[in-house]
Amino acid sequence: MALLIALFLSPFASPSPDGFEKVAETKGFSEKGEGRTFWKVAPFSDYTLPWVKNEKVSTALSGLIGTLAIFLIALGAGKLIKKIPTKKIILFIFFPSLIFFSSMPAHAARPLTTDDAWTVEKGEFQLEAGSDALRQDSRDKEYSPSLTLTYGLLERMDLGIGSGYVFSHPKEGERENGMADTEIKLKYRWIDERNWRPAFTVSGTLKIPTASESKGLGSGQTDFGINAILTKTLGKKWAVHLNLGYTFIGEDHVNNGLNYSMAVQFLLTEKWALVGEVVGVNNFNGRHGDDPFSGLIGTYYSIAAKIIWDAGVEIGMSKAAPDFRLTTGLTWFFEP
Amino acid sequence: MHIPDGFLSHGVNAATFVVSVGACAYGVKRVNRNFGEREVPLMGVTAAFIFAAQMINFPVAGGTSGHFLGALFSSVLLGPWASLLVMTIVVVVQCLGFADGGLTAIGSNIFNMGVIGALGGYCVFIFLHTLLQKSRKGFFVALAISSWFSIVMGASAAAIELAISGTSPLKVALPAMAGIHGIIGIGEAIITTTAVSLILKTRPDLVIGYTEKGASHKKAV
């Protein structure tokens, strides 16, 4: 029945814009969406098959394929849902936080941008080495190795300092390279995680302008940011991190920024984990296009007792964010 | 009613995404508990029917067209929670496969058509069905009115999201969206009642929202 509709009726559907498109046109905001499509690899864009010339046949066939695909997907989803034991789902939805295990390794930092509420253990050092490659505006490329050293000052407090080196390859203009900005971060955990309660940490970050302003690698001004961090472990395998922060930007004519992010961490095995996050900044200047917003998926693997390797891919979802960023690095914990 | 990329702000997208994911997670739990072997293939057929029917735009006044949403149709067949999942699958496939509706707006689209359309529409249906006489006629009147509401409420939610995002002020977007979809909703009501009455004639056991007495909706999950 559904297949018949897709095959025989869909080619003769009204070509007029639908209700939503019409409102967008008449009320003058239809151009807002132009050039903003993030998913460009849809196989049957606008219900046509690219390799079929006849428009009506093309629509009918794409509808047929879609209908069959939907049927199989919904059938598969239904079967899958039936298979999950109900108890597990209830536990997962309602009482995940009642079970608290301390087996979660206190590591979430790389490759995430989102910070975690955990701090480096007292008297221990954490050295993070990273390497990033990113592309901006479909042309400008940048490579930057970086190094961050963090020391556990107190049981609930750590202090970190990090910097890097930037190789900037803009498509137009000269290639530049030089030291990146240096960041000093002090983190203090106010509340430990217990039962239903998440861990709560506040961090302050001072950006010292060590990057060259004349080469265009930095702003040449000092920034200060404060960040509130919540971390909640859910069962043995999951952890969620929420960040909300405000950055006072020293550069003139640049608005202070509100940054927000959320990350999820999932332990596949004792050594291997998957991470994902969304990160955004709101510049309060009323122009949405200026606000970077991106998502990252990544993984980390414990290659030795105190050494963790990681990698991640970040995809920009707004113009101000990089098109993509690849990152990989090593984290090493050691006691002097 | 599929909102493309770039119309809504990230905050609105994120908020509706979180609500939609939460609703779907609960929906999975409900479906898992209440579905038997028989309902699973029905879910597939319903999703396929909705997808196919959504491709057919019927003309409404003023150079505009509308298409069937099917949220209430599947709610009456499968119950509101399975209907939410069906709408979610349809919206996700339309977005990824057919570039209909934006990837960043997917949370909002699921919210408008699934959470508001299917769950909200079903609440209206239950309310009307218990209010009206508990007969065949009452069932169809409730069905027609609530399917109209499912469209208009979904469109109004879209208008509110556009207003919060700063795309179009509420006093412009809400009357325009609700107005046009008020007409499209009539088409929705006609298709939903026709389709359900056809199924009731041939396989009345498939329509779990239909009860002669109207009161025992506990089964209808």
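The coordinates are above.
In what follows, the accompanying structure is described.

## A closer look at the overall build of chain A
In step 1: Scanning chain A for helices and strands turns up four helices and 13 strands.
In step 2: Sorting the 336 residues of chain A into buried and exposed places 29% on the buried side.

## Considering the overall build of chain B
In step 1: Counting its secondary structure elements, chain B contains seven helices and two strands.
In step 2: The order of α-helices and β-strands along chain B, N terminus first, is α-α-β-β-α-α-α-α-α.
In step 3: A buried classification covers 59% of the 221 residues belonging to chain B.
In step 4: The contacts in chain B between residues at least 6 apart in sequence include a share of 73% that link residues at least 24 apart.

## Some details on the environment of Ile-116 of chain B
All names here are of chain B.
In step 1: Among the structural elements, Ile-116 can be located in helix H5 (residues 106-131).
In step 2: As for Ile-116 and Ser-156, which are separated by 40 residues in sequence, their C-alpha atoms are 9.7 Å apart.
In step 3: Setting aside residues no more than four positions away along its own chain, Ile-116 makes contact with Phe-111, Met-153, Gly-154 and Ala-157.

## Looking at the nonpolar core
In step 1: Counting residues in each nonpolar core, the largest one holds 74 residues, and the members touching the most others are Ala-47, Leu-85, Val-86, Met-87 and Val-90 of chain B.
In step 2: For this core, the elements supplying multiple residues, two or more each, are helix H3 (55-83) of chain A together with helix H1 (10-34), helix H2 (39-54), helix H3 (71-78), helix H4 (80-98), H5, helix H6 (136-164) and helix H7 (170-202) of chain B.
In step 3: In terms of residues, this core owes the most to one element, H6 of chain B, which gives 14 residues.
In step 4: Here Ala-47 of chain B is in contact with Ile-70, Phe-71 and Ala-74 of chain A together with Val-86, Ile-89 and Val-90 of chain B, once residues within four sequence places are set aside.

## Considering the packing of H3 of chain B against H6 of chain B
Residue and element names in this part refer to chain B.
In step 1: Where H3 meets H6, the axes come as close as 8 Å, and the angle between the chain directions of the two elements is 130°. When the interaxial angle is binned, H3 and H6 end up oblique. Facing Ala-71, Leu-72 and Val-76 of H3, the residues of H6 in contact are Leu-143, Ser-146, Ser-147 and Ser-150.

## Quick notes on the pairing of strand E7 (residues 223-234) of chain A
Residues and elements named next belong to chain A.
In step 1: Here strand E6 (residues 199-208) runs beside E7; their pairing, made up of nine bridges, is antiparallel. If you follow Ser-203 over to E7, its bridge partner there is Asn-227.
In step 2: The hairpin formed by E7 and strand E8 (residues 238-248) contains three residues between the paired strands, and Gly-235 there has a positive phi angle of roughly 70°.

## Section: the environment of Lys-141 of chain A
Residues and elements named next belong to chain A.
In step 1: Here Lys-141 shows up in strand E2 (residues 140-154).
In step 2: When the 16 C-beta atoms within 10 Å are taken as the criterion, Lys-141 is described as partly exposed.
In step 3: It is 5.0 Å that separates the C-alpha atoms of Lys-141 and His-169, two residues lying 28 residues apart in sequence.
In step 4: The residues touching Lys-141, leaving out its near neighbours within four places in the chain, are Arg-135 and His-169.

## Description of H2 of chain B
In step 1: When the terminal C-alpha atoms of H2 of chain B are compared, their 22 Å separation across 16 residues agrees well with the 22 Å that a helix rising 1.5 Å per residue should span.
In step 2: Most of H2 of chain B sits out of view: 14 of its 16 residues are buried.

What counts and what doesn't
Residues numbered from 1 in each chain as written. Chains lettered and ligands numbered in written order. Predicted model: local features only at pLDDT ≥ 70, side-chain atom pairs only at ≥ 80, totals over all residues. Helix = DSSP H or I, 4+ residues; strand = E, 2+ residues; numbered from the N terminus. Buried ≥ 20, exposed ≤ 12 C-beta atoms within 10 Å, placed from the backbone. Contact = placed C-beta atoms within 7 Å. Core = buried A, V, L, I, M, F, W, Y, C linked by C-beta atoms within 7 Å. Axes fitted to C-alpha atoms, helices over the stretch in contact; angles between N-to-C directions. Parallel < 35°, antiparallel > 145°, perpendicular 65-115°, else oblique. Pairing = 2+ DSSP bridges. Expected span 1.5 Å × (residues − 1).

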